[in-house]
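Read off the chains here:
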Amino acid sequence: MKNLIYILFSAVLLSSCGGNDDENFTKEEIAEVLAIANYSPIILERGGIKLTEFTDFPPFEDVETSIATQNQTFKMGMNKIEFKNKFFNLGEKTAEETIHNVRLNEGGQYLGVLTPNKPTEKVIQSNFETDVNRGDNYFLCFLSRSYDVSVKNPKASFLFKINADPSGCYSETNLADTVVALLQPRGHYSSTEKNKIMFDFFLKNVSLDGGNYLSLLIDNVEFKIEKWAPFIIQGLDYGKHIIEIDLRNKEGKSIRGIMPQKLKSEIIINESDLFEE
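Residues numbered from 1 in each chain as written. Predicted model: local features only at pLDDT ≥ 70, side-chain atom pairs only at ≥ 80, totals over all residues. Heavy atoms only, no water.

So, the sheet that holds strand E9 (residues 157-165)
Rules: Only when DSSP finds a minimum of two bridges between them are two strands counted as paired. To qualify as a helix, a DSSP run of H or I must reach at least 4 residues; to qualify as a strand, a run of E must reach at least 2; elements of each kind are numbered from the N terminus. All axes are obtained by fitting lines to C-alpha atoms, using only the stretch in contact for helices, and the reported angles, taken between N-to-C directions, cover 0 to 180 degrees.
Strand order in the open sheet formed by five strands is E6-E5-E8-E9-E10, and the pairing between neighbours is antiparallel. In this open sheet, the two strands that pair with only one neighbour each are strand E6 (121-123) and strand E10 (168-172). On average, adjacent strands in this sheet sit at an angle of 25° to one another, irrespective of strand direction. Pairing geometry for E9 and E10, over five bridges, is antiparallel. Counted as the bridge partner of alanine 164 is cysteine 169 from E10.

See below:
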């Protein structure tokens, strides 16, 4: 507990305007840190699998990202999409990344770009290139820590689309469409990562309020998730595993989003320490 408090004090200090002396902390900052240190995470266990809520700190409550729409024109084929961030530096390592001992993104913090039929792109520049096809092209862009946990404040993501046909293209920003997406886990994991597998999902224009919940299936073992938060998965054996999510209302009916292809993944846990993402 003392180590956690020290770590949290250090993180708050780094984000404050004071010096390097612990005496510069205000009573409010100390209360905030102690509240986090005493926080009890959600723990779910079933079928030999354990889920433990992952507390991502700092919360990045002030960060923002948005598409830079001025002077951008689009066409069918390859396009460069420009965006802008506030209070979030792409390519940097999130301050506490080494504390959690989970898989890291070598490129540091990034803007995740989610489209219906492609793998998530991790962008550390101020723009990304994409192939625009005929019809509606949707893009969910979100900020992520360097250990693949998405930032979940309302301004840390944006959803837009480009409608394209041979006669021209137009874009729409700040869409109200629903997005439900499984972000992690994905790919191969080594034996040393076996009990530190991150589960993270993203919600846009929908919430877990009013009785909504996320049904998480891990090899057909179901967990009911009622909080938008990442979790650490433990208890999986070596080999292949299927992860699926389904957002449901209080009657148990599925809430459909515009990216149904992003609700399922297959991961493999290798017995050796060699793996590929």
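Quick word on the side chain of threonine 94
As a reminder, the rule being used: Each residue's exposure class comes from its accessible area (1.4 Å probe, protein chains only) as a fraction of the maximum for that residue type: buried when under 20%, exposed when over 50%, partly exposed otherwise. N or O atoms within 3.5 Å of each other form a polar contact, as long as, within protein, one can give a hydrogen and the other can take it, and as long as residues adjacent in sequence are counted only when both atoms are side-chain atoms.
With respect to the helices and strands, threonine 94 occurs in the loop between strand E4 (77-86) and helix H3 (97-100). On the basis of relative accessible area, threonine 94 is assigned to the buried category, the value being 2%. A polar contact is formed between the side chain of threonine 94 and the side chain of glutamine 109, at a distance of 2.9 Å. A distance of 2.9 Å separates the side chain of threonine 94 from the backbone nitrogen of serine 146, its partner in a polar contact.

Describing the nonpolar core
Going by this rule: Buried Ala, Val, Leu, Ile, Met, Phe, Trp, Tyr and Cys residues that are joined via side-chain atoms within 4.5 Å together make up what is termed a nonpolar core. Here, residues are in contact when the closest pair of their heavy atoms is within 4.5 Å.
Residues Phe199, Leu216, Ile218 and Ile245 are the most contacted members of the largest nonpolar core, which totals 26 residues. Every element with two or more residues in this core is listed here: strand E2 (49-53), strand E11 (179-184), strand E13 (197-204), strand E14 (213-218), strand E15 (221-225), strand E16 (231-234), strand E17 (239-248) and strand E18 (264-269). Looking at this core, the element that brings in the most residues is E13, giving four residues. With residues near it in sequence (within four places) discarded, leucine 216 still touches Leu51, Phe199, Val221, Glu222, Phe223, Ile225, Ile243, Glu244 and Ile245. Phe60, Phe83, Val113 and Cys141 belong to the second-largest nonpolar core, a separate cluster that totals 22 residues.

A closer look at the pairing of E14
With five of six residues buried, E14 lies mostly within the body of the structure. In this sheet, E17 lies alongside E14 in antiparallel orientation, the contact comprising six bridges. When the sheet's bridge partners are listed, leucine 217 is paired in E17 with glutamate 244. Bridge analysis of E14 against E15 gives five bridges, and the strand direction is antiparallel. When the bridges of E15 are listed, isoleucine 218 appears paired with valine 221. Where E14 hands over to E15, the hairpin turn is made up of two residues, of which aspartate 219 adopts a positive phi near 55°.

Topic: the sheet that holds strand E7 (residues 127-132)
With antiparallel pairing, three strands are arranged side by side in an open sheet as E3-E4-E7. Two strands lie at the open edges of the sheet, namely strand E3 (64-67) and E7, each paired on one side alone. The sheet shows a mean angle of 30° between the axes of neighbouring strands, taken without regard to direction. Bridge count for E3 against E4 is four bridges, and the pairing is antiparallel.

Thoughts on the pattern of salt bridges
Spelled out, the test is: Criterion for a salt bridge: a side-chain nitrogen of Lys or Arg within 4 Å of a carboxyl oxygen of Asp or Glu.
Applying the stated rule across the entire model yields 10 salt bridges. Two residues, glutamate 193 and arginine 103, come together in a salt bridge whose shortest N-O distance is 3.2 Å. Taken together, the residues span a long stretch of sequence, with glutamate 193 in the loop between strand E12 (187-189) and E13 and arginine 103 in the loop between H3 and strand E5 (110-114) at a distance of 90 residues. Given a relative accessible area of 11%, glutamate 193 falls into the buried group. Taking the shortest distance from any N to any O, the salt bridge between aspartate 148 and lysine 122 comes out at 3.1 Å. Of this pair, aspartate 148 sits in the loop between strand E8 (135-144) and E9 while lysine 122 sits in strand E6, and the two are 26 residues apart along the sequence.

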